[in-house]
Structures are given as C-alpha cells and as structure tokens.
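A closer look at the structure
Residues per chain are reported as follows:
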Amino acid sequence: MSNAASTTDAAPKRDWVTHAVLLLGVVVFALPIWIVLMGSTHDSATIGRGEVPLLPGPHALENYATAWSGTRDRIGAQSMMLNSMVMALAIALGKIAITIVSAFAVVFFRFPGRQLAFWAIFITLMLPVEVRIFPTFKVISDLGMVNTMGGLIIPVIASATATLLFRQFFMTIPDEFVEAAKIDGAGPMRFFWDVVVPLSRTNMAALFVILFVYGWNQYLWPLLVATDAEVETVVIGMVKMIGSEANTEWNLVMATCVLALLPPVAVVMLMQRWFVRGLTETEK
Amino acid sequence: MSCCGTSSARTGPERARGVERKVVFRQRWLPYALLAPQLLITIVFFFWPAAQAVWFAFLRQDAFGIRTTFVGFENFTDLFADPLYLEVVRNTAVFCTGVTILSLGVALLLAALADQQIRAATAYRTLLIWPYAIAPAVAAVLWIFLFHPQIGLIGRALNAAGIAWDYKLNGNQAMLLVILASAWKQVSYNFIFFLAGLQSIPKSVLEAAAIDGARPMRRFWTIIFPLLSPTTFFLIVVNLVYAFFDTFGVIDALTKGGPAKATETLIYRAYVDGRVNLDLGSSSAQSVVLMIIVMMLTMVQFRYVERRVHY
Amino acid sequence: MQRRTLLAGTAAISLTTPGLTRAQARTEIQFWHALPGALGEFVNQQVKRFNDSQATVTVTPSFKGSYTDNMTQAIAAWRAGNPPHIVQVFEVGTATMMAAGPAIRPVHQLLAESGVTLDPKRYLAGVRGYYSDTQGRLISMPHNSSSAIMWLNLDAFEKAGLPTNELPRTWSQIRSAAEKIKAANAAPAAMTTSWPTWVQFEQMAAIHDVPFATKANGFEGMDAELRIDAPFFRKHAEFLLALQKDGLFRYGGRDNAADALFPNGEAAIAFMSSAARARVEREAKFKWASVPLPYHDDVTQSPKNGVLGGASLWVLTARSRTPAEYRGIAEFFRFISDVDQDLWWHKATGYVPLTVAAYEKARAEGFYTQNPGADAAIRQLSRAEPTPNSMGFRLGGMIEIRNIIQEELEKAFQGQQSAAQLLENAQRRGNVVLRNFERANRA
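Residues numbered from 1 in each chain as written. Chains lettered and ligands numbered in written order. Predicted model: local features only at pLDDT ≥ 70, side-chain atom pairs only at ≥ 80, totals over all residues.

The secondary structure content of chain C amounts to 19 helices and eight strands. Taken over the C-alpha trace, chain C has a radius of gyration of 23 Å; the compact-globule value for 443 residues is 22 Å, and the two agree within 12%. Principal axes of the C-alpha set define a box for chain C whose edges measure 85 × 50 × 35 Å. Going through the 443 residues of chain C one by one, you find that 51% of them count as buried. Of the contacts formed within chain C by residues at least 6 apart in sequence, a portion of 76% connects residues at least 24 apart. (Helix = DSSP H or I, 4+ residues; strand = E, 2+ residues; numbered from the N terminus. Rg over C-alpha atoms; globule rule 2.2 N^0.38 Å. Buried ≥ 20, exposed ≤ 12 C-beta atoms within 10 Å, placed from the backbone. Contact = placed C-beta atoms within 7 Å.)

The structure is reproduced here in structure tokens:
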C-alpha cells in the first residue's frame with residue numbers, strides 16, 4: 001500500500017484542509033439520512049407545515065409502530081420488509097448457488113457445447129431486465145406467477161457477472177489441487193465441496209453483499225410483477241406511499257424509508273472488508 | 001450488471017480464447033446437470049423474452065393482442081421521426097453525462113484526499129461507503145426531503161431567499177435534482193475503486209517524482225491520473241450503465257419523467273409506453289434500441305478496458 | 001379441498017334422493033377493482049351484501065392497485081387466458097376496452113343472454129351516456145361515478161365582502177370574486193384547479209356544447225380528430241392564463257395533486273371531483289359550499305350537462321366461462337342497480353347515484369337539505385339531455401392525451417408559450433396518439 005502524498009512535503013496545515021474537506025464530504029453524504037431520521041420522529045403536521053427539524057422529536061415510537069404495522073389504508077412495513085428480505089436473500093443465495101456450479105462446470109470439465117454454454121451465459125450481460133421487461137412479464141404471466149415470490153425472484157436469479165467472477169477465480173486454482181484430488185480418488189463434486197468452495201469464501205462473501213443489495217433494491221421488476229399488497233416490497237411500498245402528494249403522511253414515509261434502508265446498509269457495513277476486497281482485489 | 005471490476009474484463013473474450021485449464025474432469029452428464037439451472041433460466045427468462053421483444057418491435061398490436069399486424073421497421077422509423085423521442089435521447093445524454101461526471105469527480109477528489117491519510121483512509125471509507133447500499137428510489141425520496149418546495153430543508157430555504165424553486169414545475173430544476181440524487185448514490189462505489197487504485201500505485205514512482213521537484217498537483221495529473229486510467233475508464237462505463245438503467249427508480253420516485261417530459265429518459269419512456277399507454281410495438285422498439293446501446297457499451301468495456309495502458 | 005368433498009357429498013345425496021333439490025356449489029366470480037382505503041372497504045361491503053342476499057353466486061373482490069395497474073394486469077391476465085370476470089376500468093380507458101372486440105362481453109348482451117332486464121333509462125342520463133354505444137345500449141356497467149364541481153370557501157367570501165347566499169355561477173362572476181378575495185387577502189391563493197384537463201377542457205367542452213373531438217368525441221368512430229385548437233378553447237385558455245398572470249390562479253399540479261389546497265384553506269375557490277366531499281368534510285375548518293361548475297355566459301345561456309369521471313365495470317371473456325358465471329355477473333349488476341343498494345352506495349361513498357330512482361328517493365328523504373351541495377354533481381350531470389358533445393369521451397389513448405394537454409398547459413403557465421401555441425401543440429400531439437390507436441385497433 002502506498003501513499004500518494006510524498007513524505008517530503010506533508011505539512012500539518014495541508015492535513016487539516018484534507019480532513020476538513022473529507023469531513024465535509026461525509027456530512028454532505030449523511031445530511032439526507034439525518035433529515036429523514038429526524039423527520040421520522042415528528043408528526044405529520046410539523047413536516048407538512050414545512051418546519052423541517054434538525055433535532056429529534058417526540059413521535060419516534062408511534063411513527064415507527066404505525067409504519068411497522070400499517071394503517072387501515074396501507075399494509076405495514078412489517079410484511080413488506082419480510083417480502084424484501086425473502087426476495088433479497090433468495091436472489092443473493094440463489095445466484096451464488098447457481099452460478100458457482102455453472103462456473104465450476106465450465107472451468108473444470110471438457111464436454112461438447114462447453115464454449116456455447118459459456119457464450120450463452122456471457123451474452124446475458126447485455127440483457128439487463130430493463131430491456132426485456134414486458135416480454136418477461138408476459139412469460140411470468142403465462143406461467144401464472146404474477147404476484148408470487150417466485151415471479152419476483154426467478155427472472156433475476158441467473159447472473160452472468162457472478163459466473164464470470166467465479167470463473168476467473170477458478171482459473172487461478174493451481175492444477176496441483178486438482179491432481180491431488182484425482183490421485184486421492186475424489187470425484188469432481190468432492191473436489192468442489194472440499195477444495196473449491198472453501199477457497200471461494202471471500203468471493204462468495206463479496207458477491208453476497210453485492211447481490212443482497214441488488215436484490216433488496218430491485219425496483220422496475222417488482223413494480224410490474226408485485227402489485228398485490230401481500231408481495232409488495234418495502235422500496236416500492238415506500239414510493240407508493242408518496243402517491244399523490246395531496247394525502248401523503250410524510251412522517252410515515254420517512255419512517256418507512258429508514259426501515260427500508262437499514263438491512264442493506266447493515267449488510268454493507270458489517271461485511272465491508274470482504275465486499276471491498278472482493279470488488280477490487282479481482283483486479284490483481 | 002457489471003458490478004465487479006476488471007475481473008469481468010479479464011474473463012471475457014480474451015480468456016476464452018485460449019487460456020484453459022490443463023487438468024480437468026471428464027464426467028459425462030455431470031457438467032450438464034451443473035449448468036442446467038442457469039441455462040434453463042437464461043433461456044426461459046432471458047433469450048425467449050428478448051427474442052419476443054425484438055419480434056414485438058416489428059408488430060403493431062392493440063392492447064389485448066387480438067389484432068396484430070406486421071409492420072416491418074415502421075415502429076423504428078416512427079420513433080426516430082418523433083422529435084419528442086429525440087428529445088428523450090437528448091435528456092438521457094444530458095442526464096448520464098451529468099451523473100457520470102459528477103459522481104466520478106467527487107469520488108476522485110475524496111479518494112485522493114483520503115489516500116493521503118493512510119490511517120484514516122479506512123475510517124473515511126467506512127463513513128462514505130454506505131450510500132452504495134441505498135436503493136436509487138430511496139435515495140430519490142431522501143432528496144425529496146431536502147429539496148421539496150414546501151417540506152424540504154433546502155427547498156424552503158431557496159424559496160425564502162427569493163429563488164423560485166419548484167422542481168415539479170421547472171424542467172431544468174427537475175433535471176438537476178435527479179442528477180444530484182443519482183450521482184450521490186454512486187459516489188461511494190466510485191470512491192472504493194479510486195481509493196484502491198490510488199493505494200496500489202507504487203510508492204517508488206511518486207517518490208521519484210517528488211524528488212524531481214514536481215508539486216503535488218502536477219504529480220497528480222502527470223503520473224497518478226494516467227495510472228488510474230484503466231480504473232477511470234472502467235468506472236465510466238459502469239456509471240453510464242447505472243445512469244441508463246438503475247436510475248429508473250430515481251425518476252419514478254421524484255418526477256415521473258416530468259415536468260413536461262423534462263426528465264424522461266429512454267428507459268422511462270419505454271416503460272410508460274408499454275405500461276401506461278399500452279403501446280407494445282413502440283415500447284419494444286425502444287427496448288431494442290436500449291439493447292443495442294447496452295451491447296455497444298459492454299463491447300467497449302471488454303475491448304478497451306482489457307488493454308490496460310501502462311507506460 | 002372442502003368444497004370438493006362437499007360437492008361429492010351433495011352429489012351423492014342428490015343421486016340417492018332424487019326428490020331433493022340439487023344443492024349447487026356457488027358460482028365464483030372474480031372482481032378486480034382499484035379503490036383503495038375506505039372506498040375499498042365499501043366495495044367489500046357492497047359485494048358482501050350481494051353474496052348474503054342470495055345463495056348461488058359468490059363475488060370475490062380484489063384490490064389491484066391504481067386504475068392503470070388494475071387495467072394493465074387484467075389485460076395481461078386476459079392474454080394469459082386467465083382474466084377476472086369483472087374488471088373496474090376508469091372512464092378514460094373506455095375506448096381501449098370498447099375496441100377490445102371478443103375480449104369483452106357487452107353488458108346489454110350479457111343481460112339479454114341471462115334473462116336479466118335492466119332498462120338503460122333507469123340510470124342518470126350523464127352516467128348512462130358515457131358507457132353506451134350510439135344506439136343507447138350499455139356496453140359497461142356504471143359503478144362509481146363522480147363529476148367535477150366547484151368548491152367555495154365561504155369564510156373567505158365573507159372576509160372579501162362577497163355574498164354567501166348568492167353564489168357565483170359564471171366565469172366572469174368567478175373572476176370578480178377572485179379579485180375581491182385577492183384584494184382583501186382572504187386566502188393565500190384565490191383559486192386553483194384539480195384535474196386540469198378533465199375540468200378545464202373536457203367539462204367545459206361538454207357544458208358549452210362544443211366538440212372536443214370530431215365524431216361525437218369519438219363515439220361514432222375511431223377516425224375522430226381533436227378539435228381543441230378552436231375559438232372556444234382559445235378563449236378559455238387565455239382566460240386561465242390571464243387569471244394566473246394576475247395572481248388570481250395558482251397551478252397546483254397534475255391530476256389531483258391540487259386536492260390538498262382547498263381543504264387546508266390555501267385556495268378559496270377550487271375545482272375538484274365531487275368525490276372529494278368526504279375529505280373536505282373531514283379537513284376543512286371553515287364554512288364551505290359545493291356547486292356546479294361555472295360557465296361563460298357570453299357563449300351559452302343554458303349550460304349542458306357535465307361529464308362524469310370515475311369507473312365502470314367490464315365483463316371479460318375467457319374460454320372457460322360458463323353460462324352460470326355470466327348469469328352470476330348479471331345478477332350482481334342487477335343487485336347494484338337496485339334502488340336501495342344504489343342509495344346506500346351513494347350515501348356511503350359520495351359517488352353519485354347510478355339510478356334516477358335512488359336520486360329521487362334521496363331527495364324525498366331530505367338527504368340533500370341535510371347535506372347541502374351533495375347533489376351538485378348530480379344536478380350538473382342530469383340538467384340536460386346529453387348532446388353529441390356532452391355524452392362523454394371515447395377517444396383512444398385518452399390517458400396519454402390528458403398528459404399531453406397537461407404538459408402543454410404547464411409550459412404555458414411557465415410563460416414559455418401562448419394559449420394558441422398550447423392548443424396547437426396539444427392538438428397535433430394528441431392526434432398522433434389517436435391515429436396510432438386507430439391503426440393498432442383496426443380489425
């Protein structure tokens with residue numbers, strides 16, 4: 001690790017400026033969250049009047065309780081969070097599971113159609129869900145999977161990026177490992193579980209963060225496919241709460257907003273090291 | 001979704017061309033079984049719908065799909081002859097450029113500064129990393145609470161200071177706001193890469209330059225920036241793709257393409273035409289245009305990012 | 001599972017005891033609607049009343065989101081071969097649904113086949129006309145209808161020195177009232193409007209017996225063309241722009257974004273749906289009145305009926321439909337058209353009564369003396385026999401056209417174009433939408 005500033009001209013004054021700018025950056029980034037956090041502790045009338053508070057207010061508990069369990073008009077964040085959680089976990093874990101075995105197959109075997117399979121997977125990089133959205137909806141509709149968790153999860157669960165990531169990593173596994181396994185009489189699946197998976201832990205962790213965030217934050221696809229209240233995700237539910245601004249209860253929207261960003265932020269912060277490592281070290 | 005750095009670049013065509021493992025397994029059916037889930041989903045939910053999108057682009061049909069006529073390229077010619085569509089193209093270009101430049105610029109500045117504080121760098125990274133986790137739509141809602149003309153902190157302040165701030169009525173303000181909200185979210189992702197890139201620059205090179213008497217700013221532009229160029233280039237492509245697609249949520253939450261189509265991007269218009277206006281032909285034609293753009297961006301990424309320009 | 005056992009059981013019983021009437025499993029009808037919150041509750045109650053009133057049919061309501069979502073999903077379900085029996089579609093979707101050909105079962109045909117008689121004349125003229133074909137036969141079933149009316153803040157009127165027993169009826173009277181309100185600073189904004197296109201274009205066209213589009217606003221054919229680039233609309237658009245320039249009118253946003261401005265006292269005069277009544281009752285902290293929309297008395301002395309908003313019920317076909325199911329739907333329609341059911345619906349939801357009989361019964365009960373202004377929409381809807389210009393709108397892509405007009409209006413409000421340019425652009429762009437619809441739906 002090097003340091004872009006040479007030691008010969010580091011001065012305390014410049015340090016101070018650097019820190020100041022960085023802290024300013026941190027504050028600017030934190031400001032929206034702070035406002036929303038504070039706003040969620042006040043009542044609807046205060047916010048509606050425009051008295052945007054910078055300090056906490058007295059209504060935190062009741063706002064969050066209402067947002068969590070819902071009102072007569074709206075289902076609560078509780079069920080929406082659950083939907084989002086199931087969806088994000090299923091997408092993250094599902095993608096990892098499906099792509100790791102695909103990459104394993106493509107790298108460690110020889111079979112007819114291997115290159116074709118690889119290219120087929122590779123091409124899907126160019127087909128994000130947004131460009132095939134209505135026909136995909138029709139397929140889901142034909143299968144009767146609209147407004148089901150399956151319909152939410154399955155179309156986004158095959159990812160080329162993860163496959164490519166695993167593939168690259170697998171290419172770096174030394175031949176000796178494979179030879180040793182063969183000599184021991186171990187079959188490919190035994191090799192997979194005993195050698196490949198443990199080695200891939202960092203990659204899997206990094207991917208988990210990325211895919212969990214991706215899954216949790218899905219917008220366009222759930223917008224089409226999950227309109228029933230039972231399968232609504234919290235990100236979409238929150239935007240729908242804004243609706244026509246005439247009736248919006250801003251304090252509840254803010255509370256839901258905070259709830260909506262907690263899980264992915266928690267995942268990123270807690271798994272930060274692996275996440276960053278997974279993203280950037282693959283450059284090496 | 002290109003999330004992970006140049007890993008993708010190196011595993012693309014170059015890798016496939018010749019570098020393969022020497023020691024492999026030779027089972028017959030096992031690899032097919034392993035590939036089956038992904039391939040099945042890929043065929044059913046990627047290729048089949050994509051093919052349909054392309055096919056629909058050449059049809060004109062009513063909302064119920066009862067009357068369909070093959071119209072050749074008419075949907076496409078209608079699109080490109082429509083001045084409003086061209087305006088949407090322009091909006092998208094402005095939007096994507098704005099988001100990319102803003103988020104890259106801010107991220108580079110912060111990363112360069114953080115890099116100078118070797119101990120605190122990780123702390124700053126922790127403090128700046130979390131916007132990555134926020135959904136674009138959520139980010140948009142956060143910014144509503146800052147800039148709403150009636151309930152937003154800054155929005156009210158602007159109006160009180162005499163500036164007529166209302167992004168629901170003023171197209172330029174709306175565009176500015178969606179750019180801000182989108183860029184804000186991306187800075188942390190770019191920051192991670194820039195910081196890692198800066199930290200991987202060999203110390204010796206910089207010290208040599210310093211000894212030669214080069215001032216910090218000059219060192220930055222003549223040495224550091226070129227060494228960062230693969231990272232920068234990669235990030236440009238990633239940010240462009242992000243601005244193209246992932247920002248749908250931002251626009252839907254903030255402006256819904258308004259006012260008067262001022263913030264309507266290509267992806268948003270394709271959605272509205274298909275969903276609200278029930279015009280599947282035009283929407284599919286627009287999807288095809290988007291597909292082509294993505295393909296070009298992806299190819300650029302693989303072709304050029306691969307060739308890392310060092311000295 | 002239970003039902004199958006029950007069926008098997010009853011089948012067994014009826015086979016072994018031929019004297020007993022065969023007990024039928026109830027026919028199930030799926031009903032998709034778009035009414036949220038309290039209104040959705042009333043739908044549930046309405047359906048429950050029907051289910052409890054007889055033993056052969058069970059209607060199951062499902063809330064599917066906004067009107068747009070509901071319609072899109074119903075269409076997608078139809079394409080997948082599995083549509084609901086009844087779908088609630090807003091009035092602007094009428095043209096799309098009517099052009100659907102074999103996908104829908106016109107109501108008059110459904111009723112005839114099921115042996116249920118419902119005379120179209122039992123429905124209010126304005127309500128009936130919108131959903132009938134040119135021969136006066138019902139294509140969809142009216143369900144929840146409203147109209148746009150004018151809401152006045154009487155406290156602000158008093159403060160401005162305006163009489164509250166003699167309320168303004170013409171646009172010139174409104175203008176002078178607004179001027180007095182502004183002079184006396186009786187409210188932050190003198191007036192605003194919700195649903196800019198519905199109120200200021202569609203309603204005004206109908207009331208002044210001016211065509212919005214050719215072919216009787218699309219009733220007579222899909223080759224209709226917009227006619228908003230015309231003297232009347234120019235007069236009214238210039239009137240609105242002048243109001244805004246003089247600080248008498250505040251633009252509150254699209255669709256019903258401006259709904260908040262009247263009940264919270266910001267605008268003294270507002271043009272909103274009659275369905276806003278419940279909200280105004282709950283939130284307004286001042287005396288108010290609701291009356292029919294104003295008109296230009298230099299254009300007409302006898303304003304025609306206003307047009308309605310809201311939604312109607314459409315019957316979707318499917319290969320699996322049985323005659324029993326169609327009969328069940330017809331029974332449901334008969335039920336909601338019954339005087340007492342209609343009266344209950346009207347009083348509970350604030351939507352106008354569907355039938356003349358319910359309206360008269362409410363009047364006889366004194367409902368409108370106890371709730372003054374609750375009949376403003378009805379009076380406006382039924383004050384004249386509909387002309388080709390006031391029967392309603394049957395234009396394809398109406399949602400898109402409304403958005404186009406709103407966009408051009410916004411540009412004019414921002415001072416970027418004149419009334420003439422606004423209308424010219426809106427008409428040109430709107431006609432493109434109409435032609436696309438026509439081409440897509442030509443058999």
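We are not done yet, so read on.
Right, let's get into the interface of chain A and chain B. Contacts between the two partners involve 91 residues from chain A and, on the opposite side, 97 residues from chain B. Considering each element in turn, the side of chain A that touches chain B owes the most residues, eleven residues, to helix H1 (residues 12-39) of chain A. A breakdown of the residues in the side of chain A that touches chain B according to their chemical character gives 62 nonpolar, 21 polar and eight charged. (Nonpolar A, V, L, I, M, F, W, Y, C, P; charged D, E, K, R; others polar.)

On to unusual backbone geometry, then. You will see that Asn147(A), though not glycine, has its phi angle at about 60°, which is positive. Considering the arrangement of structural elements, one finds Asn147(A) in the loop between helix H6 (133-142) and helix H7 (149-153). Despite not being glycine, Asn217(C) has its phi angle at roughly 55°, a positive value. Checked against the element boundaries, Asn217(C) lands in helix H10 (residues 214-217).

All names here are of chain C. Here strand S5 (residues 189-193) lies mainly inside the structure; five of its five residues are buried. Where S5 meets strand S6 (residues 267-273), four bridges bridge the pair, whose relative direction is parallel. Pairing of Thr192 across the sheet is with Ala270, part of S6. (Pairing = 2+ DSSP bridges.)

Further remarks concern the pairing of strand S2 (residues 57-63) of chain C. All names here are of chain C. Only one face of S2 is covered, namely the face carrying Val57, Val59, Pro61 and Phe63; the face carrying Thr58, Thr60 and Ser62 is uncovered. Bridge count between strand S1 (residues 27-33) and S2: seven bridges; the pairing is parallel. Bridging across to S2, Ile29 finds its partner in Val59.

With that settled, consider the interface of chain C and chain B. Listed as interface residues are 24 residues of chain C and, on the opposing side, 18 residues of chain B. Those elements that provide at least two residues to the side of chain C that touches chain B are helix H3 (67-79), helix H18 (398-413) and helix H19 (419-441) of chain C. For the side of chain C that touches chain B, the per-class residue count stands at nine nonpolar, nine polar and six charged.

We now examine the confidence of the model for chain B. Residues and elements named next belong to chain B. Summarising the model, chain B shows a mean pLDDT of 82, and 91% of its residues fall at 70 or more. When the criterion is pLDDT under 50, residues 1-18 qualifies, and its contacts beyond four places in sequence or with other chains add up to 44 contacts. The low-confidence segment residues 307-311 (pLDDT under 50) makes three contacts with residues lying over four places distant or belonging to another chain. (pLDDT = per-residue confidence, 0-100.)

The next subject is the nonpolar core. Counting residues in hydrophobic clusters, the biggest one holds 329 residues, and the most contacted among them are Phe104(A), Cys257(A) and Val138(B). No other element matches the 17 residues that helix H4 (residues 77-108) of chain A contributes to this core. Here Val138(B) is in contact with Val235(A), Cys257(A), Ala260(A) and Leu261(A), once residues within four sequence places are set aside. (Core = buried A, V, L, I, M, F, W, Y, C linked by C-beta atoms within 7 Å.)

Residue and element names in this part refer to chain C. Summary statistics for chain C give a mean pLDDT of 88 and a share of 94% for residues scoring 70 or more. The low-confidence segment residues 5-11 (pLDDT under 50) makes three contacts with residues lying over four places distant or belonging to another chain. Counted against residues more than four places away or in other chains, residues 13-23, with its pLDDT under 50, gives five contacts. Two numbers describe this predicted complex: its pTM, 0.81, and its ipTM, 0.80.

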